[in-house]
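# Inside the fold
Each chain, written out:
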Amino acid sequence: MKNLKVGKKLWISYIIILVFLAASMAMSIFQLMNMGAKVETFYNGPFTVKGAANTMNTNFEAMQKSVYRAIANTDSAITAEAMENAKKASSNVQEQFAIVKEIFPGDPQIIANLEKHLAELAPHREHVLELASQNKNTEAAEYMENHNIAIIKNAQNELNSIIEFANNRGGDFDWGSSQYPDPGDCNFYNHSHSQHCHLYRFGHVHYKKHYHTT
């Protein structure tokens, strides 16, 4: 460098600086694109699933309030309005379940159980509303207590598992990387007795999350 003229030295310095600047800009753009992809994954993964599950819970409550209102009133107009509201809430539950079912990457047994509970609930709800429309309010209330309430609680337990999964994976942008054991891989994994053993994968580490009996 001692034999080079001052002008050439400056040009070489500028070129080196430009190379480092270009490399830095390229790295920054790559990191921004990577972060954008992660944010999109988060929004379309844990955020969306949790939102849909919470909306399902809210509509379960709205549905039950409407059913109770239909039972508690003898005014045909109020009963009809309450029945319509209950049906709308039920439709909302089904719409949100379709979202959860499509993108939830967790234990498929949770989705299967939830779908079963929703299918079981539908005819019982219709029967209660039919009784209410006939002003058979005592029969409707007794039937709902003996049939609907337990099914809804079971469905909400599954929803709570989905919400917990989404909360645990909220900071994990690798949304679709979960692994789950076969039934024989976990002593507590016995869905026939309404017990759940969920195995979640965070990176390369496996955690048994929770055990509960419903």
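Bear in mind the structure is a predicted one, so any value in this text is a computation, not a measurement. (Residues numbered from 1 in each chain as written. Predicted model: local features only at pLDDT ≥ 70, side-chain atom pairs only at ≥ 80, totals over all residues. Heavy atoms only, no water.)

### Remarks on the packing of aromatic side chains
Aromatic ring pairs: the centre-centre distance and the angle between the two ring planes describe each pair. To be explicit about the condition: Aromatic contacts are taken between Phe, Tyr and Trp rings whose centres are within 6.5 Å, Trp giving its six-membered ring; a plane angle under 30 degrees counts as stacked, one over 60 as edge-to-face, and the others as tilted. Only DSSP runs of H or I reaching four residues or more are called helices, and only runs of E reaching two or more are called strands; each is numbered from the N terminus. Note on classification: 1.4 Å probe, protein chains only; a residue is buried when its accessible area is under 20% of the maximum for its type, exposed when over 50%, partly exposed between these limits.
For the structure shown, the criterion picks out one aromatic pair. For the ring pair Phe104 and Phe165, a centre distance of 5.0 Å and an interplane angle of 70 degrees mean the geometry is edge-to-face. Residue Phe104 is found in the loop between helix H2 (76–103) and helix H3 (108–133), and its partner Phe165 is found in helix H4 (residues 137–168); the two are separated by 61 residues along the sequence. Residue classification places Phe104 among the buried residues on the basis of a relative accessible area of 9%. On the accessibility criterion, Phe165 (0% relative accessible area) is buried.

### What to know about the nonpolar core
Generally speaking, nonpolar side chains in soluble globular proteins are found buried as a group. Rules: Throughout this description, the term nonpolar core refers to a set of buried Ala, Val, Leu, Ile, Met, Phe, Trp, Tyr and Cys residues connected via side-chain atoms within 4.5 Å.
Counting residues in hydrophobic clusters, the biggest one holds 37 residues, and the most contacted among them are Met56, Phe60, Phe104, Leu114 and Ile162. Listed by contribution, the elements that provide at least two residues to this core are helix H1 (6–72), H2, H3 and H4. Ranked by residue count, the leading element in this core is H4, at 11 residues.

### Quick word on the side chain of His124
What counts here: Polar contacts, as counted here, are pairs of nitrogen or oxygen atoms within 3.5 Å of one another; within protein the pair requires one atom able to donate a hydrogen and one able to accept it, and residues that are adjacent in sequence qualify only if both atoms are side-chain atoms. Any pair of residues with heavy atoms lying within 4.5 Å of one another is described as a contacting pair.
Tracing the chain through its elements places His124 in helix H3. Side-chain polar atoms of His124 contact the side chain of Tyr143, separated by 2.7 Å. Apart from the residues lying within four places of it in its own chain, the contact partners of His124 are Tyr143, His147, Asn148 and Ile151.

### Some details on the environment of Asn137
Summarising the element assignment, Asn137 is placed in helix H4. The class for Asn137 is buried, based on a relative accessible area of 16%. Sequence spacing of Asn137 and Ile71 is 66 residues, and the spatial spacing of their C-alpha atoms is 5.0 Å.

### Notes on the confidence of the model for the protein
A low pLDDT means the predicted coordinates there should not be read in detail. To be explicit about the condition: pLDDT is a per-residue confidence score from the predictor, ranging from 0 to 100.
Put simply, the protein has an average pLDDT of 76, and 70% of its residues get 70 or more. The lowest-confidence element of the protein is strand E2 (residues 205–213), averaging 33 in pLDDT; the highest-confidence one is H3, averaging 94. Segment residues 177–214: pLDDT under 50, and 77 contacts once partners within four positions in sequence are set aside and those in other chains are kept.

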